[in-house]
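The chain contents come next:
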Amino acid sequence: MTSAEEQMGHYRSNLRDVEFNLFELFATHDHYGRGPFAPMDLGTARQVLREVERLASGEFADAFVEGDRVPLTLSNGEVTVPAGINRALDAYFGGEWHRLQLPDHLGGYGAPPSLSWACSAMLAGGNAAALMYTAGPFFATIADRLVTDEQRQRWVVPMVERHWGGTMVLTEPDAGSDVGAGRTTAIDAGDGTWHLAGLKRFITNGDFDWPENIVHLVLARPVGPDGLALNGPGTKGLSLYIVPKYWVDADGSLQGRNGAVVTKVEDKMGLKASSTCELTLGEHRPARGVLVGDVHDGIRQMFRVIEYARMLVGTKAMETLSTGYLNALDYARQRVQGADLASAADKTAPRVAIIRHPDVRRMLLEQKAHAEGLRALIFFTASIQDRIRLAEADVGDDDTGLQELAKLNDLLLPLVKGYASEKSYELLAQSLQVLGGSGYCRDYPVEQYLRDAKIDTLYEGTTGIQGMDLFFRKIGRDQGAALAGLLAQIQDLAKGDAGNGELARERALLADALGEVQQMLAAMVGNLSEEGGLYRVGLNTTPFLMSLSELVVGWLLLRSAEVALDALKRAQDPADAAALPDADRAFYEGKVAAARWFAATVLPHLAARRAVLVATDLAAMALDDAAF
Ligand SMILES: Cc1cc2nc3c(=O)[nH]c(=O)nc-3n(C[C@H](O)[C@H](O)[C@H](O)COP(=O)(O)OP(=O)(O)OC[C@H]3O[C@@H](n4cnc5c(N)ncnc54)[C@H](O)[C@@H]3O)c2cc1C
């Protein structure tokens, strides 16, 4: 790496594309100044984005390599993280950036989800582990909707004001994807508290040395004195408890150590700076907790946290791919190797930068189209979340009702989480490929990106679980109503005249892809009533998730191209021409190219996937386990 690159740091943000999505494509600034977003305006939003970009490229990015190389340590249940991570947290909380995600009554700035996700994306790109340590105040906003007034003052307000850490505690050694298999118990202590006992595994932020306290949101099974489950087996029998690291008295003072203790820190492939902990509850002293909201409704309550976490994972995955691509692009512009293919036979031909080689251009465009397409998917989803908040506050002028918006958001989350994480990991390998052997070495950040990104396909529900969630819950539960609404919008663009006649071929490809997805869906729904059909569906939920995601991303990229073509067309007007700087012209041309690339090279694969899906037989299920 040159010293200029070292000074520049690893993270390549793409604020131009963030602003394009927020203010040109989805016009999220139209949401500012109203209801919960009354304090926000466009000028403030732009300033926030710039300052957060500085933080992401500064203190956050500075701790990226150190977090990978300096191991976390565990001693007496206390985890120490690398110093740079704590400096990043000092800068984040010192700048009061946690307030971006807070509602007004908890001291928020009135930032809509679209703006706060834009900030989270950049911080995740700079240092995802550091960002995850900041989750406490956001978990507080979720708890805020569920707790009693007394609980709010005792737990939620200090989580925000005193910057406590927060965790979500579901997983156990025998309860991973199958959360309902959890065996951790909770017994009513008769004094308003519960005593929890059990072993939790893989808990992010289980302990770290920055905050004075950590609040664990724990799923456990309430049992009676006889040890029998009060509410039965499975997820429905689980309740949600607030279990702190240090107990807190009614006056807010911190008491002694509670019996929720980290007994192991995982040694992982990547994301090493993030503490992933085994949490032992009630082994040497009681693990005291309070029942959230005084109701046994754990899984439904925890789902709000899970939804947030899934959006965060998709956002992290997208931004990691984006910075991976931009690092690869920088390298491809500088690395000189070989002659132009057209002059390859001429041994005296000048050597060219590798960006001139067709195969490298193919890899770069593949990454660009996906990174920007995923950004559009995430900001589309975030813009729906803005509209939900406006509708909840009854200040929206939306044609679409609250229920419909909420269902659309639900439908999009498995795409955000499942598709973004899979494509990010797959295409970061291509970012690395562009760097050749150098990419395999630690002088460049891409090998760490790849290791850090793999987790995104696993936690918060594996890709397999996302595929099943999409088909059985998000589509099945409302008989496909939310999906039909989304597909109708895609159909409108495909059949319309977007792009001043310049996107006709791409719109036709989109229409074909839409037809393929509709056929896939019809085949899977048909399978449900056939003998063994459920297995045929189960063999295809993940391919269907990928196919629907590609259709939606293809659609959003074409919408982006339409906006870009309009901007380019306006610039042809002699009166306006001077107003479009070269950088903007290149940006818009790149947008159109990315959309065209995606339509021409990604969408046609849906036909093959449909053919495979429709022809699925039960051979995979009939095969004896021993024959694998
Ligand atoms: C770094 C890290 C951080 C984490 N952070 C947290 C945290 O903060 N809080 C928390 O509670 N948990 C956390 N987890 C746990 C994480 O959510 C689980 O690892 C994940 O849900 C998968 O569970 P599992 O590892 O037990 O895999 P398993 O459930 O054993 O799955 C193994 C494989 O089988 C597949 N599979 C399982 N069941 C089915 C099924 N019914 N149908 C089809 N396929 C299936 C899966 O898709 C997967 O491919 C974390 C994990 C890691 C590694």
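So, how was this worked out
Residues numbered from 1 in each chain as written. Predicted model: local features only at pLDDT ≥ 70, side-chain atom pairs only at ≥ 80, totals over all residues. Core = buried A, V, L, I, M, F, W, Y, C linked by C-beta atoms within 7 Å. Buried ≥ 20, exposed ≤ 12 C-beta atoms within 10 Å, placed from the backbone. Helix = DSSP H or I, 4+ residues; strand = E, 2+ residues; numbered from the N terminus. Contact = placed C-beta atoms within 7 Å. Domains from an automatic or database assignment. Nonpolar A, V, L, I, M, F, W, Y, C, P; charged D, E, K, R; others polar. Axes fitted to C-alpha atoms, helices over the stretch in contact; angles between N-to-C directions. Parallel < 35°, antiparallel > 145°, perpendicular 65-115°, else oblique. Left-handed = near helix turned anticlockwise from the far one by under 90°.

Quick look at the nonpolar core
At step 1: Formed by 187 residues in total, the largest nonpolar core has its most connected members in Leu217, Tyr241, Leu377 and Leu510.
At step 2: Counting residues per element, this core draws most heavily on helix 10 (residues 358-392), at 16 residues.
At step 3: Here Leu217 is in contact with Phe139, Ala143, Gly166, Thr167, Met168, Val169, Leu240, Ile242, Met302 and Val305, once residues within four sequence places are set aside.

A few points about the domain arrangement of the protein chain
At step 1: By the assigned domains, the protein chain splits into domain 1 (3-141), domain 2 (166-296) and domain 3 (479-622).
At step 2: For domain 1 versus domain 2, the distance between C-alpha centres works out to 27 Å.
At step 3: Contacts between the two partners involve 21 residues from domain 1, matched on the other side by 19 residues from domain 2.
At step 4: Within the residue set of the side of domain 1 that touches domain 2, elements represented by two or more residues are helix 4 (64-69), strand 2 (78-80), helix 5 (83-94), helix 6 (113-133) and helix 7 (135-144).
At step 5: The residue makeup of the side of domain 1 that touches domain 2, split by class, is 14 nonpolar, 5 polar and 2 charged.

Things to note about the environment of Arg610
At step 1: Its location among the elements puts Arg610 in helix 18 (residues 605-614).
At step 2: You can call Arg610 buried: it has 22 C-beta atoms within 10 Å.
At step 3: With 109 residues separating them along the chain, Arg610 and Gly501 place their C-alpha atoms 29 Å apart.
At step 4: Setting aside chain neighbours within four positions, we find Arg610 in contact with Glu516, Gln519 and Met520.

Focus on the environment of Val537
At step 1: Counting through the fold element by element, Val537 comes out in helix 16 (residues 533-572).
At step 2: Its 22 C-beta neighbours within 10 Å are what place Val537 among the buried residues.
At step 3: In sequence terms Val537 and Tyr109 are 428 residues apart; their C-alpha atoms lie 45 Å from each other.
At step 4: The residues touching Val537, leaving out its near neighbours within four places in the chain, are Phe471, Met524, Asn527 and Leu528.

Some words on the packing of helix 10 against helix 17 (residues 582-601)
At step 1: Two elements in contact, helix 10 and helix 17, have axes separated by 9 Å at closest approach and are oriented at 100°. Classified by the interaxial angle, the pair formed by helix 10 and helix 17 is roughly perpendicular. Residues Leu365, Lys368, Ala369, Glu372 and Gly373 of helix 10 form the contact with helix 17, whose participating residues are Ala594, Trp597 and Phe598.
At step 2: Classifying every residue of the contact of helix 10 with helix 17 by side-chain character gives 5 nonpolar, 1 polar and 2 charged.

Notes on the packing of helix 10 against helix 11 (residues 402-434)
At step 1: Where helix 10 contacts helix 11, the two axes come as close as 9 Å, and the packing angle between them is 160°. Classified by the interaxial angle, the pair formed by helix 10 and helix 11 is roughly antiparallel. As for how helix 10 packs across helix 11, the hand of that crossing is left-handed.
At step 2: Among the residues forming the contact of helix 10 with helix 11, the class breakdown is 19 nonpolar, 8 polar and 4 charged.

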